[in-house]
Structures are given as structure tokens and as C-alpha cells.
Amino acid sequence: MILPFAREMRELDRQAIEEFGIPGMVLMENAGLGTVLMMERELGPAINGFALILVGPGNNGGDGLVIGRHLHQRGCEPVFVFLTPPEQLKGDAAGNLHIISRLGFPLHLLTTSATLPTLRELYQQQILGGRSCYALVDAIFGTGLTREISGHVAELIELINTESWAAAIPRIAVDIPSGLHADSGKVLGACISADHTATYGCAKAGQLMEQGTEVCGRLHVLDIGIPSAAFASLGIRQAAITAEELRRILKGIQRRKSSHKGSHGHLLVLAGSMGMTGAAILSVKGALRGGCGLISLCCPEDLDAIYEASFVEAMTIPLAASRSCIGMEDLAAIEQHLHGKQALVIGPGLGTAESTAELVLHLYGSVRIPMVVDADAINILARAGDHIPAPPGPRVFTPHPGEIARVLGTTIAHVQEDRIGAARAACQFLDQSAGQCTVILKGVGTVVASPDSQVWINTTGNPGMATAGMGDVLSGVVGALICQGLCHPEAARAAVYLHGLAGDLLFKTMGIGYIASEVADSLPQAIKLMNP
């Protein structure tokens, strides 16, 4: 499922109108009617009700006028509330204003803070007239909004989101909740919190990331008639990771009845240090539950007893040269044990001591097998800055916003402003034109970026996963999928989806409070759902 940016949606509209000859009024009619049909599916028949239609200054407002007209056709009274003077509407929106004017609908104005009580008064008039409120339709601002909402519109949005009488009304967002940035998922000052969002042509990246996941409610993607040829011509580089995509990927590692543990790869893990043994344990558990055939953990000899007692299915490799953390003195032993391995996970709980950092940089620049780079290994590379060696083999990075901010020399706030841009920038910086790096930027709507600027946004996961150790499990899952034969970009996409799905299964049954090891244990169920 592709996710066009706002500028790309404008180009799709332009092509549909100018190059394929589809009138803009037809696209607007399709959008409005499709929204009403969605409302009937979700809310039931509209007859004998009324709908508050909040009309903004652009084409989004025009969509709202079409919605109101089709609701009227179904016996629902549309109450049109204009947040800017109606005469300011232009183009197709003005054309639909002319239609509803000819039909004799009253036009109510709410253009200043002083007129805010108008909305409740209109609501009460309809209630006293014996009608129930079918829906509140947010047709104020669309995907082109880039400025902060202020003034009477911000006050109106606050009223709708907080007033008890308004909170009980189903809220329908037209294309996107007003106030949500379509590309980043950032709230621009104020934002309608919708129960349903009818989005046109394609989902938008911002609807799947950050605050977009909170304010869109149920997302419905409606076909409004933009030709498929228009989409093909743009080469859109953003897409969602969906169940369909996952099933396609996992077909590549379906197991034969004759397979054995050696058929599914051997993963080497370099993780853990004094006080951080849990990170290594969780990474190994993620790999075990992710289906890896064999797993070996390199660890300081002094910590080996902890790992031996924590899991019986994986092997440990005690490193005699180190005590509380792995260091450069262990290089020869590690290189010996890299033979016969299909992938290396490095970083969870590893520490950043000087000798450890020297080891990480050496291995990063010399190991040719795929490497999953997490946590402290990322921090070590970030400290190296422009001196990071070029990767001689595939690399998958799994940073959270703080770690990617260190890599880019910026702030977490700047990363969160443009998560897609940050993931792309980090991928380009770390890849050094090798074409072998994939970056997983963890968070709400995890972003997976490849060096060709293609990005994917994950569609699984929930707030219950905001707890310690989740990233450690993810690193092991990525390594396990690589060992089983997936290329590193597909392993990254599959891992984040399955990891989030495992969390979703727990959230459904347990709610908040499940822990990272339980997510690891839930992975087989998630894999089964995607690969029955």
C-alpha cells in the first residue's frame, strides 16, 4: 500500500484532471459519495437524523458540501457551518456551493471566536426538533495544511474534542483530521480527534505515524477514480507494511518437512555486559522465537553462568580474555566463531567502554556477513562520526529516536518532526554509497528505510510496547529472519511487523503490563497468523 506525500497527492489530482480528463467535480463527487457510503456502513442509516458539516476554505470544504447533499438525499438534514466566508471558496468547491445554494440550504457562519456558541445552538435546535445527531463531519482542512492552526478554528477544535455534548457525536474526518500534518503525523497546534477518517485515493504517511495513529480513528481508504497509471508514473517511495506484504515475504522461508536446525541458519550474538545481561537474554529469546535454527552468544566468562541459567536452547561462548564486558582482547576468539554463521547481532547491552568501542568498529568494518547493529553499537558508531568505516556487508540498524539523533548530530525533537526524512538521512550517511544498509527507526509507525530512499511504515504495535527490552527482542528477530534466508531489507520489514503483531496479540488479551520476554514468546503465534 503506497503512501503518497501531500505534494504527490496534489500531482495525482492534477494528472487525473489535466492528463486523463477526469473533471475535478467528478473526483469531488466520488469522494463525497464514497464518504457517505462509508458512514452508512459504520453508523447505520442516516434517515431522520442531522449532521453538522464543518466547511473549510478549500477543496476539503467542497468535499463536505457533497457529503451534506448526499446525506440530504438519504433523509438526513445537513447543517452547513462555514468557518470562512462562503464566497471565498473557489473552483470545484465553489461549484458545489452553488449547487447547495440552489437547493436552498441555509448557510451558517462561524468565522470569529464570538460566534463559537453558534455550533451548540444549531445542535440544540435540531435536537429540540426531534432529530438525533447522526455525525459531525470535519471538512475544514485537508492534506495541504502545513501551518499551525490558531484563532477561532483552534478554539472550535478544542470545543469539539472536549465538550460533553460534542464528544458523544460520531466524528468523521474528510481525507484527514483537520490539524494533522499529512506527511509527518504531527499535530499542527490543534487537531480534530476523529472516530473515522475517510481518506481519498491512498492512505497518507502521517496517518500511520506518531499522533496520526491517535486522531484518525478507523482509517478507510476510498477509491475516488484516480487512474492507476497516474500512481505508476510518480514512483512513490513510501509504502505501508501490511499483512498482505508480510505473507508474500514469509513465503520465501516456508519450511520443508525435511528441514532440520541447520536448514534455518546459525546466528552469532555479541551482547550484554555487567548490569545489562537482560538485553542479551532478550535478543537471544527474540531470535529463538523468531525461528532461527541455532544461536550462539559470545559473553564475558564472568557472566556465562547467568546466561547458562537463563536459556537452554541457545549456546554460550565464554570469552576468557574479558571479564565484565566484551573488548578488543576477544577479537581472535570472536573471529573464530564467526565462521559458519549466517548473521551477527551486535550491541544490545554491550556497553561503550573504550576496548568495546574499538572492537565494534573493527568488526563493523571487516565482517562480511549481515550484521544487525543495535543499541550501544549504534552509539559507538555515532561517536565515530565521519570515521565510520564503510560496511563490507549488509547492515541493519535498529535505532530509537535518541540513537538516530546521535548518528545525525541533531536532536530527538528534530528527528520526530520528520521521521521519514531522518531515517532516510541516517541510511544514506551510514551506507556510504555501498547500497547495503537498512535503517529501522523505532517508534509509533516504525520507519524502515533503504539506501535507495524507499521507506516502509509499520502498521502493527501498540502503547503496551513502550517498556524496556522491546528493542532487544526486535534485534534478535531481525537476525533470525536473515539466518532463515530473507534478504536484509525484507527481514527488517518482516521483523518489525511480526514484533508489533506479537505485541498486539498480548495487548488484546492482557492490556498494558505485558513485558518484552512475553512478546518474544508470542512471536510463534504471530508468525502462524501470517504464515498458516
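Computed from a predicted model, the values in this text were never measured in an experiment.

**Considerations on the pairing of strand β11 (residues 315-319)**
As paired strands, strand β10 (residues 294-300) and β11 are joined by 5 bridges and run parallel to one another. Counted as the bridge partner of P300 is L319 from β11. In this fold, the crossover linking β10 to β11 by way of helix α12 (residues 304-310) has right-handed handedness.

**Description of empty space enclosed by the protein**
On inspection of all chains with the given rule, the structure shows 1 cavity of 30 Å³ or more. If you trace the largest cavity, you find it lined by I378, F397, P399, I404, V407, A426, L430 and V439. Put simply, the parts of the chain that give the lining of the largest cavity at least two residues each are α16 (401-408) and α18 (419-431). For the lining of the largest cavity, the per-class residue count stands at 8 nonpolar, no polar and no charged.

**Here we look at the environment of L71**
Position of L71 relative to the elements: it lies in helix α3 (residues 59-73). Sequence separation between L71 and P117 is 46 residues; the distance between their C-alpha atoms is 24 Å. Apart from residues no more than four positions distant in its own chain, L71 is found in contact with V36, M39, A46, A51, I53, C76 and Y134.

**Let's talk about the side chain of N458**
Topologically, N458 is positioned in strand β17 (residues 455-458). Judged by relative accessible area, N458 falls into the buried class, the value being 5%. Non-local contacts of N458, meaning those with residues more than four positions away in its chain, are made with L208, I241, G445, T446, V496 and Y497.

**Focus on the layout of surface pockets**
Its boundaries defined by the atoms lining it, the largest pocket holds a volume of some 1100 Å³. Lining the largest pocket we find 39 residues, and of these G443, V444, T460, G461 and N462 sit closest to its centre. Among the residues forming the lining of the largest pocket, the class breakdown is 14 nonpolar, 20 polar and 5 charged. The space that makes up the second largest pocket amounts to roughly 610 Å³. Lining the second largest pocket are 24 residues, with D13, N59, N60, D63 and D175 positioned closest to its centre. When residues of the lining of the second largest pocket are traced back to their parent elements, those giving at least two are α1 (6-19), α2 (24-43) and α3. The dominant element in the lining of the second largest pocket, judged by the number of residues it contributes, is α1, at 5 residues. Looking at side-chain class alone, the lining of the second largest pocket contains 10 nonpolar, 7 polar and 7 charged residues.

**Topic: the nonpolar core**
Counting 59 residues, the largest nonpolar core has L267 and L481 as the members making the most contacts within it. Residue contributions to this core peak at 11 residues, all from helix α20 (residues 488-510). Ignoring any residue separated from it by four or fewer positions in sequence, one finds L481 in contact with I253, G290, L486, A491, A494, A495 and L498. F5, A205, F397 and A422 belong to the second largest nonpolar core, which has 52 residues in total.

**Structural notes on the packing of aromatic side chains**
The full count for this structure, using the stated rule, is 5 aromatic pairs. On the numbers, 5.6 Å between centres and 70 degrees between planes, the contact of F80 with F105 is edge-to-face. With F80 in strand β2 (residues 77-82) and F105 in the loop between α4 (91-102) and β3 (107-109), this residue pair connects regions lying 25 residues apart in the sequence. Residue F80 shares its accessibility class with F105, and that shared class is buried. Taken together, the ring pairs in this structure connect F50, Y123 and W165 into an aromatic cluster. Lying across the ring of Y364, R395 places its NZ or CZ 5.2 Å from the centre. Here R493 stacks its cationic end above the ring of W456, 4.1 Å away from the centre of that ring.

**Details of helix α19 (residues 470-483)**
Between its first and last C-alpha, α19 extends 20 Å over 14 residues, near the 20 Å set by a 1.5 Å rise per residue. Of all 14 residues in α19, 14 are buried, a share of seventy percent or more. Remark: G485 follows α19 within two positions and exhibits a positive phi of approximately 120 degrees.

**Some thoughts on the sheet that holds strand β14 (residues 395-397)**
Spatially, the 10 strands line up as an open sheet ordered β8-β17-β16-β15-β14-β13-β12-β9-β10-β11, and their pairing is mixed. Every other strand in the sheet has two partners, leaving β8 (238-241) and β11 as the edge strands with one partner each. Strand-to-strand, the axes of this sheet are offset by a mean angle of 20 degrees, without reference to chain direction. Against the sheet, helix α11 (residues 277-289) engages β9 (266-270), β10 and β12 (343-346), with an angle of about 170 degrees to β10. Sheet strands touched by helix α13 (residues 331-338): β9, β10, β11 and β12. Its angle to β9, the strand with the most contacts, is close to 160 degrees.

**Considering the pairing of strand β6 (residues 196-200)**
Counting buried residues in β6 gives 5 out of 5 residues, a clear majority hidden from the surface. Residues H196, A198 and Y200 of β6 are buried on one face, and the alternating residues T197 and T199, pointing to the opposite face, are buried as well. Note: strand β5 (residues 171-174) against β6, 3 bridges, orientation parallel. If you follow A173 over to β6, its bridge partner there is T197.

**Points about the pattern of salt bridges**
Scanning all chains against the criterion turns up 17 salt bridges. For E417, the salt bridge identified is with K186, shortest N-O distance 3.2 Å. Here K186 lies in the loop between β5 and β6 and E417 lies in helix α17 (residues 412-417), a separation of 231 residues in the sequence. The exposure class of E417 is partly exposed, given its relative accessible area of 42%. Using a relative accessible area of 26% as the deciding quantity, one classes K186 as partly exposed.

**Looking at the sheet that holds β6**
Spatially, 7 strands are ordered β3-β2-β1-β4-β5-β6-β7 in an open sheet, and the strand pairing comes out parallel. The open sheet terminates on both sides in strands that have one partner only, identified here as β3 and β7 (218-222). Between one strand axis and the next, the sheet turns through 25 degrees on average, direction left out of account. Summarising the sheet, strand β1 (residues 49-55) and strand β4 (residues 132-139) pair through 7 bridges and their orientation is parallel. Bridging from a neighbouring strand, G49 pairs with S132 of β4. Of the strands in this sheet, β1, β2, β4, β5 and β6 touch α3, which is tilted by about 160 degrees from β2.

Basis of the calculations
- Residues numbered from 1 in each chain as written.
- Predicted model: local features only at pLDDT ≥ 70, side-chain atom pairs only at ≥ 80, totals over all residues.
- Heavy atoms only, no water.
- Pairing = 2+ DSSP bridges.
- Helix = DSSP H or I, 4+ residues; strand = E, 2+ residues; numbered from the N terminus.
- Right-handed = clockwise from strand over helix to strand, strands pointing away.
- 1 Å grid on protein atoms, 1.4 Å probe; cavity = no way out; pocket = protein on both sides within 12 Å on 5 of 7 lines; lining within 4 Å.
- Points joined across faces, edges and corners; volume = space filled by probe spheres on them.
- Nonpolar A, V, L, I, M, F, W, Y, C, P; charged D, E, K, R; others polar.
- Contact = heavy atoms within 4.5 Å.
- Buried < 20%, exposed > 50% of the residue type's maximum accessible area, 1.4 Å probe, protein only.
- Core = buried A, V, L, I, M, F, W, Y, C linked by side-chain atoms within 4.5 Å.
- Phe/Tyr/Trp six-rings, centres within 6.5 Å; stacked < 30°, edge-to-face > 60°.
- Lys NZ or Arg CZ within 6 Å of the ring centre and 35° of its normal.
- Expected span 1.5 Å × (residues − 1).
- Axes fitted to C-alpha atoms, helices over the stretch in contact; angles between N-to-C directions.
- Salt bridge = Lys/Arg side-chain N within 4 Å of Asp/Glu carboxyl O.

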